[in-house]
Amino acid sequence: MSEEQAFDMLLFLMYDLGLRRQYRPDMVSLQIQMYQLSRLLHDYHRSLYCHLEVHEVGPSLYAAPWFLTVFASQFPLGFVARIFDLLFAQGPEVVFKVALSLLSSHEGEILECDSFETVVDFMKITIPSLTQAQMEHVIAQVLEMDISKQLHAYEVEYHVLQDEMLEAMPASDDSDRLDKLERTNAQLKKQNMDLLEKLQAARGKIQSLEQSVESFVSRESQMKHTIRALEQEKASFQKTVERMRGCQPEDAVCDVELTHIKPGSDGKPKAAKKP
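Basis of the calculations
- Residues numbered from 1 in each chain as written.
- Predicted model: local features only at pLDDT ≥ 70, side-chain atom pairs only at ≥ 80, totals over all residues.
- Heavy atoms only, no water.
- Phe/Tyr/Trp six-rings, centres within 6.5 Å; stacked < 30°, edge-to-face > 60°.
- Buried < 20%, exposed > 50% of the residue type's maximum accessible area, 1.4 Å probe, protein only.
- Helix = DSSP H or I, 4+ residues; strand = E, 2+ residues; numbered from the N terminus.
- Core = buried A, V, L, I, M, F, W, Y, C linked by side-chain atoms within 4.5 Å.
- Contact = heavy atoms within 4.5 Å.
- Expected span 1.5 Å × (residues − 1).
- Salt bridge = Lys/Arg side-chain N within 4 Å of Asp/Glu carboxyl O.
- Axes fitted to C-alpha atoms, helices over the stretch in contact; angles between N-to-C directions.
- Parallel < 35°, antiparallel > 145°, perpendicular 65-115°, else oblique.
- Polar contact = N/O pair within 3.5 Å; in protein donor to acceptor, adjacent residues only side chain to side chain.

A.B. asks: Quick rundown of the packing of aromatic side chains? Include the residues and the values.
C.D. replies: If you walk through the whole model with that rule in mind, you get nine aromatic pairs. When the ring of Trp66 is compared with that of Phe75, the centres are 5.9 Å apart and the planes differ by 75 degrees; the resulting orientation is edge-to-face. Judged on exposure class, the residue Trp66 and its partner Phe75 are both buried. On the basis of an interplanar angle of 70 degrees and a centroid distance of 4.9 Å, the ring pair of Phe67 and Phe96 is categorised as edge-to-face. In this pair, Phe67 is assigned in helix α5 (residues 64-69) and Phe96 in helix α7 (residues 93-105), connecting sequence segments 29 residues apart. Phe96 matches Phe67 in its accessibility class, with the two residues each being buried. An aromatic cluster of at least three residues, connected via ring pairs, comprises Tyr62, Trp66, Phe71, Phe75 and Phe79.

Listed below in structure tokens is the structure:
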């Protein structure tokens, strides 16, 4: 794409698809998404949901980077490109489908993790290390899912619960709730900054690799040119030798072919004829 086309695509992602909402300072949209993902696990993968709850592993610990970067911060670039294709075709709910498919595909392994640390490490390190077959399986599952109604219902449910909490909460608890929200917001902002740093580092590495590729291509082109020149020179030499042979009498050519070099009495080489 040209720079203008790429910017138009960014506008489409931010405004038409609504991704801009999750980058606002309050990050309310991201909190809603984390609630929706938690409810999806609760309704469709209850044992996995309970296991994560026992070890106090909330969606914000592992899924926030997935949603904020559309999986670009941790997963292979080819897999991310497939997700973006689906994102443009189906909308933001694709991110939920991919997250749910990834978690369900690794449910058995996650259930074997017996501590907070092992669960988080598995989420952040093992799951992103997908094989090609696993990628294809996830994409196939995503194409078969339809969770739009559930996501809408969970969003409404979140707002209702928030309103009920505000009505039932004593005034004295407002400051505690505010502190908790501020801490959560600070954690999400920190994760966002960390992800930005990783993306910048990855962008720098990509640029370096692209320069290396360009250098290799240039060197390959030079070597091909050199090889062609040498082949032409070789062909020219062969034609010259053939012409020189054609100019010699036949008996002289035979004499030359019978001649070989022998050392003389003084140790210096001299030409001699075979008997």
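We are not done yet, so read on.
A.B. asks: So what about the nonpolar core? Which residues, and what values?
C.D. replies: Ranked by internal contacts, the top residues of the largest apolar core, which has 53 residues, are Tyr62, Trp66 and Phe67. If we ignore the near neighbours within four places in the chain, the residues touching Trp66 are Phe71, Gln74, Phe75, Val95, Ala99, Leu103, Met123 and Ile127.

A.B. asks: So, helix α1 (residues 3-16): which residues are in play, and what are the values?
C.D. replies: With 14 residues, α1 extends 19 Å between its outermost C-alpha atoms, agreeing within 8% with the 20 Å of an ideal straight helix rising 1.5 Å per residue. Downstream of α1 by a residue or two, Gly18 has a phi angle that is positive, lying close to 80 degrees.

A.B. asks: Any details on the pattern of salt bridges? Residues and values, ideally.
C.D. replies: Scanning all chains against the criterion turns up six salt bridges. Note that Arg39 and Glu157 form a salt bridge whose closest N and O atoms lie 2.6 Å from each other. Pair noted here: Arg39 is in helix α2 (residues 28-44) and Glu157 is in helix α11 (residues 148-168), with a separation of 118 residues, a long-range link. Glu157 gets classed as partly exposed once you look at its relative accessible area, which sits at 27%. When salt bridges that share partners are traced, they join Arg39, Asp43 and Glu157 into one network.

A.B. asks: Lay out the packing of helix α6 (residues 77-90) against helix α10 (residues 132-144) in plain terms, naming residues and giving numbers.
C.D. replies: Relative orientation of the contacting elements α6 and α10 amounts to 10 degrees, with a least axis distance of 11 Å. With respect to their mutual orientation, α6 and α10 come out roughly parallel. Contacts between α6 and α10 involve Phe79, Arg82, Leu86 and Gln90 from the first element and Met135, Glu136, Val138, Ile139, Val142 and Leu143 from the second.

A.B. asks: Which residues make up the environment of Ala186, and what are the values?
C.D. replies: Mapped onto the secondary structure, Ala186 falls in helix α12 (residues 174-247). Residue class for Ala186 comes out partly exposed when judged on its relative accessible area of 44%. Residues Ala186 and Pro25, 161 residues apart in the sequence, show an inter-C-alpha distance of 9.8 Å.

A.B. asks: Provide a residue-level description of the side chain of Lys97, including the pertinent values.
C.D. replies: Residue placement: Lys97 occurs in helix α7. Separated by 3.0 Å, the side chains of Lys97 and Gln90 make a polar contact. Beyond its immediate chain neighbours, meaning those up to four positions away, Lys97 contacts Gln90, Val142, Met145 and Ile147.

Everything listed here is a matter of geometry and, on its own, says nothing about what the molecule does.
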